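Coordinate analysis (summary)
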Amino acid sequence: MTLPLSDLSEALRDRYRLERELGRGGMATVYLAHDLKHDRPVALKVLHPDLAASLGAERFQREIRLAARLQHPHVLTVLDSGEARTAEGGASRLWFTMPYVEGESLRDRLNRERQLPVADALRIATEAARALDYAHQHGVVHRDVKPENILLTRDGSTLVADFGIARALGGAEGDGAGAGGLTGTGMSIGTPVYMSPEQASGGRDVDARTDVYSLATVLYEMLAGEPPFAGPTPQAAIARRFTETPRPLRSVRETVSPGLDAAVAMGLARVPADRFATAGEFAHALNQSAELPTARMATPGAGIAPPAAQDKTPAPSARRRVPIALVTLGLGFVIGLGVLFAWRRSHAGGDAEPGGVRRLAVLPFENLGESSDAYFADGVTDAVRGKLAGISGLRVTASASASQYRHSTKPLGTIARELGVDYVLVGKIRWQKTGGTSRVEVSPELVDLTNPASPATRWQQPFDAALTDVFKVQGDIAGRVAQALDVALGASQEQALAERPTANVAAYDAFLKGEEASLGMGAIDPAALRRAAIYYGQAVALDSTFGVAWAQLSRAYSNIFALTAPTPADAEQARAAAERARALAPGRAETQSALGDYAAAVQRDLTAARAAYQAGLERAPSNADLLAATALAEQSLGRFDAALEHLQRAAALDPRSFRTARRLAITYLWLKRYPEGLAAVDRAVAIAPTSVAIIHVKAIAHLMQGDLAGARAVIHAAQVEPTTLAAYFATFWDLFWPLDDAQQALITRLPPSVFDNDRGNWGLALAGVYHVRGDETRTRAYADSARAAMEEHVSVAPNDAQQHVLLGVALAYMGRKADAIREGERGVAITPLSKDAWSGAYYEHQLVRIYILVGEREKAIDHLAGLVKAPYFLSPGWLRIDPAFDPLRGNPRFEALAAGR
């Protein structure tokens, strides 16, 4: 029985005037109403009779009270609620009101556009994830996340609506989930297309991860134009999620980055334990996949530095911002995808390639089995690649470059030319798990491309073996390839090919899942790293002598420590696992990688880190990632020439790695070798033309030469979503000033959410823009917002050098001279240029900015004189065009610096 609109209007006439119906769904009808008491429009939602009857008025009011407590920028809050009855006491309805939003629902936009721009979809999903994370932290799970419940305001903000029918996580006010929460009704609340598997099966104990699944479904639809699981009936849609795996997003939309594809796939995991643990982790993964700004300094791969060793308790909401050698490469976290099996030995010739070297790429083997077995096929590929890389006489392309050709339709001749190789190893693999047996079928093929126009098969042989013999198969393939290429194997190399990393197949399987998690999501995503750490932990639990698994477990925790608010627990996990790896496999390159990462990320001892990486290179001289890690440690130690040599070798081994190409370009530029720097930038652009990080470096290359017009031309030609581009430039290396007027104006309209809700970064970006535009009132206002955020951080992390210097900049904008100088000098004292040539140069630069802002011009020039001569991006050309230095113009000492004297 329905309650007529006229009767409903009559029942609510003392409080609301109903104007029209806005829409109806499976649970409620929504009306536009006018709040008579507060003279404002509201959305009034009336539950349908069956749901209202199941809940009861008392239980409904308890749930609404929970929802009304939610006050968040991306939550559409509940204003009022009640029970409407006719005058005769007959039919009644449960209702609640929310603010009326001028805009549209996400469903409206999807109906109109079908697919959204990637940047828009990311922003909407990230803001919704933050709203959900906030609700979950306050004990409320939504349970009906769908496009209809995501509202888009006219000013571009996202609001999650309809928390009014959420149930309390674990109960509220003494009401357990099974005793009074909505699940106590036995109903399956939600919308079939967007329900998680556990929710669709009627599970009573759904938690926050059900909302993660639903939001991942919504994001998939925004990007692909359709949900991952649809069907002609609700039952069909529900059944598909129990029996199928959704198509990868990149297979339907190639502009989706691998990191975003992996983040959505993890959000859609069938088992809750395989998803992100929280909506906040999901939001962070989306941010990382989009290269959203979360740091003040530009970093290769947007890595974030760890704190000083004695500083272990930063504010939970603060994320590390200053790059260091370990993380800044975006190091892919696993040293050379096949480190597990690269049982490499030192060989004659040292670092030099012997004459007649064979150049080989191992492309990802095609998985012929279930899609869920893809990680296993990748693991076998990496194993073969790692074994081949340990053979003298072969130069094997690094995995980061070779893996880009997964599912590629390019001719092998084209791939060989792009990778600079003469031979390509391809293959097909199937993991047979039928009839109680487990076998591996591998069909490798070595293709000779010395004449790219006429590829020829050099060797081909199928292998069929029990899973327990998979290591022998890997070694046999590598040995046969070497034989086909007329590469002689010494006794030690033959022994290395035959070695087995573990005798426990289950441990091996867990390890490969860890490899997939850490690489599929990217090394700079803490959620992926924690998931990987779980698998590595399973591997060592199954085989406590699995040395390389211990090494990877240590590296996972070292990176987690560097990328998040660090904890003593993460540091101890990294240390203990590294020590275990050293005890079990003291001569392995993988162990040295783990020790180096721990020294760099946790101990902040870059000298020790470099020594560990160098020891690894003695065992694996052709490992591109070890070369890059060594180079990054050397840069922080001021050894730029040595770093350049190592990066050049890494780029030769990993020619399609845009991170290595970008870091090589930065190194040339810091050394003021402009022609080589520009050439390296152009190579990076050719690899990743839409990367805002690459565009950023190319603009810097022009700025260093005093070419502001050239930098702006690069920025204007960028094929990057405008908000992402503007925010990135405003954050990394504080490059808001080369942006044009429209781009600067855009920054002033950006909310903190675009800066990952880091109000320190947001406030400084807007203060900087207003300062160069001459609006000192707004400069001080936004600088004060930054100050508040940074003071909170330094109060619990007193040895965070970057927060001190940036707090000093904020205080300088506010005119607080003494305080600004104190904070800037404190930051430089913690990490001086002499201690860390990479981060210290940036801190010194910020101190110069502080001195200029507060009128200490001679002190500014004193520090600027050394900084311009040091390896850094400040140059005479830069000084001539950067408006930050306008107060120094006319000073003879400054003019000499700007003239290059």
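Structurally, the position occupied by His142 is in the loop between strand E7 (140-141) and strand E8 (150-153). Under the relative-accessibility criterion, His142 is labelled buried at 0%. Engagement of the side chain of His142 in a polar contact is seen with the backbone oxygen of Ala161, the distance being 2.6 Å. A polar side-chain atom of His142 sits 3.4 Å from the main-chain carbonyl oxygen of Asp162.

Moving on, we come to the environment of Ser454. Relative to the helices and strands, Ser454 resides in the loop between strand E15 (439-448) and strand E16 (456-460). Note on Ser454: relative accessible area 43%, which makes it partly exposed. When the C-alpha atoms of Ser454 and Gly413 are compared, they prove to be 8.3 Å apart, with 41 residues separating the residues in sequence.

Glancing now at the packing of aromatic side chains. All told, the structure shown has 19 aromatic pairs when counted by the stated rule. For the ring pair Trp670 and Trp838, a centre distance of 4.4 Å and an interplane angle of 15 degrees mean the geometry is stacked. With Trp670 in helix H26 (residues 658-670) and Trp838 in the loop between helix H35 (817-830) and helix H36 (839-853), this pair connects stretches of sequence that are 168 residues apart. A relative accessible area of 2% means that Trp670 is categorised as buried. Measuring from centroid to centroid gives 4.6 Å for Phe873 and Trp878, while their planes differ by 45 degrees, and the two rings are tilted. With respect to burial, Phe873 and Trp878 carry one shared label: buried.

The next thing to look at is unusual backbone geometry. Here Asp39, not a glycine, exhibits a phi torsion of approximately 50 degrees, which is positive. For Asp39, the location among the structural elements is in the loop between strand E2 (28-35) and strand E3 (40-47). The backbone of Arg114 shows a phi angle near 70 degrees, a positive value even though the residue is not glycine. Topologically, Arg114 is positioned in the loop between helix H4 (106-113) and helix H5 (118-137).

What follows covers the sheet that holds strand E5 (residues 92-99). Taking strand neighbours across the sheet as the criterion, the 5 strands line up as E1-E2-E3-E5-E4 in an open arrangement whose pairing is antiparallel. The open sheet is flanked by strand E1 (16-24) and strand E4 (80-85), the only strands paired with a single partner. Within this sheet the neighbouring strands show an average axis-to-axis angle of 30 degrees, counted without direction. Relative to E2, E1 runs antiparallel, the two being bridged by 7 bridges. Counted as the bridge partner of Glu21 is Tyr31 from E2.

In this section: the pattern of salt bridges. The final tally for this structure, using the stated rule, is 44 salt bridges. We note a salt bridge from Glu676 to Arg673, for which the minimum N-O separation is 2.8 Å. Exposure remark for Arg673: the relative accessible area of 31% places this residue in the partly exposed category. With its nearest N and O atoms 3.4 Å apart, the salt bridge here joins Lys698 to Asp682. Here the residue Lys698 occupies a position in helix H28 (residues 692-704), and Asp682 occupies one in helix H27 (residues 674-687), the gap between them amounting to 16 residues.

A few words now on the sheet that holds strand E6 (residues 103-105). Strand-to-strand pairing in sheets goes through backbone hydrogen bonds, with the strands running parallel or antiparallel. Pairing within the open sheet is antiparallel, and its 3 strands lie in the order E6-E8-E9. With partners counted over all chains shown, the strands left at the sheet margins are E6 and strand E9 (158-160), one partner each. In this sheet, adjacent strand axes meet at a mean angle of 25 degrees when their direction is disregarded. Where E6 lies against E8, 3 bridges are found, and the strand directions are antiparallel.

Axis angle and axis distance: for two packed helices, these are the angle between their axes and the distance between the axes, and together they describe the pair. Put simply, helix H31 (residues 741-748) and helix H32 (residues 759-772) touch, their axes get as near as 9 Å, and they point 140 degrees apart. The pairing of H31 with H32 is recorded here as oblique in orientation. Between H31 and H32 lies a crossing whose hand is left-handed. Contacts from Gln744, Ile747 and Thr748 of H31 reach H32 at Ala765, Leu766, Val769, Tyr770 and Val772. In the contact of H31 with H32, the residues fall into 6 nonpolar, 2 polar and no charged.

With that out of the way, let us pick up the nonpolar core. The biggest cluster of nonpolar side chains holds 113 residues, and the ones touching the most others in it are Leu864, Phe873, Trp878 and Phe885. Among residues more than four places away in sequence, those in contact with Phe885 are His845, Val848, Ile852, Leu864, Leu874, Trp878, Leu879 and Phe894. Phe471, Leu512, Ala532 and Ala594 belong to the second largest nonpolar core, which has 67 residues in total.

Moving on: H31. Taken across its 8 residues, H31 has 6 buried, putting it largely inside the fold. Every buried residue of H31 is listed here: Gln743, Gln744, Ala745, Leu746, Ile747 and Thr748. Those residues of H31 hidden inside the fold are in contact with helix H29 (708-717), helix H30 (722-731) and H32.

Moving on, we come to the packing of H28 against H29. In contact at an axis separation of 7 Å, H28 and H29 are set at 165 degrees when each is read in the N-to-C sense. Taken as axis vectors, H28 and H29 run roughly antiparallel relative to one another. Here the hand of the crossing between H28 and H29 comes out right-handed. Every residue of H29 that contacts H28 at Ile695, Lys698, Ala699, His702 and Leu703 is listed here: Leu708, Gly710, Ala711, Val714 and Ile715.

Conventions adopted
- Residues numbered from 1 in each chain as written.
- Predicted model: local features only at pLDDT ≥ 70, side-chain atom pairs only at ≥ 80, totals over all residues.
- Heavy atoms only, no water.
- Helix = DSSP H or I, 4+ residues; strand = E, 2+ residues; numbered from the N terminus.
- Buried < 20%, exposed > 50% of the residue type's maximum accessible area, 1.4 Å probe, protein only.
- Polar contact = N/O pair within 3.5 Å; in protein donor to acceptor, adjacent residues only side chain to side chain.
- Phe/Tyr/Trp six-rings, centres within 6.5 Å; stacked < 30°, edge-to-face > 60°.
- Pairing = 2+ DSSP bridges.
- Axes fitted to C-alpha atoms, helices over the stretch in contact; angles between N-to-C directions.
- Salt bridge = Lys/Arg side-chain N within 4 Å of Asp/Glu carboxyl O.
- Parallel < 35°, antiparallel > 145°, perpendicular 65-115°, else oblique.
- Left-handed = near helix turned anticlockwise from the far one by under 90°.
- Contact = heavy atoms within 4.5 Å.
- Nonpolar A, V, L, I, M, F, W, Y, C, P; charged D, E, K, R; others polar.
- Core = buried A, V, L, I, M, F, W, Y, C linked by side-chain atoms within 4.5 Å.

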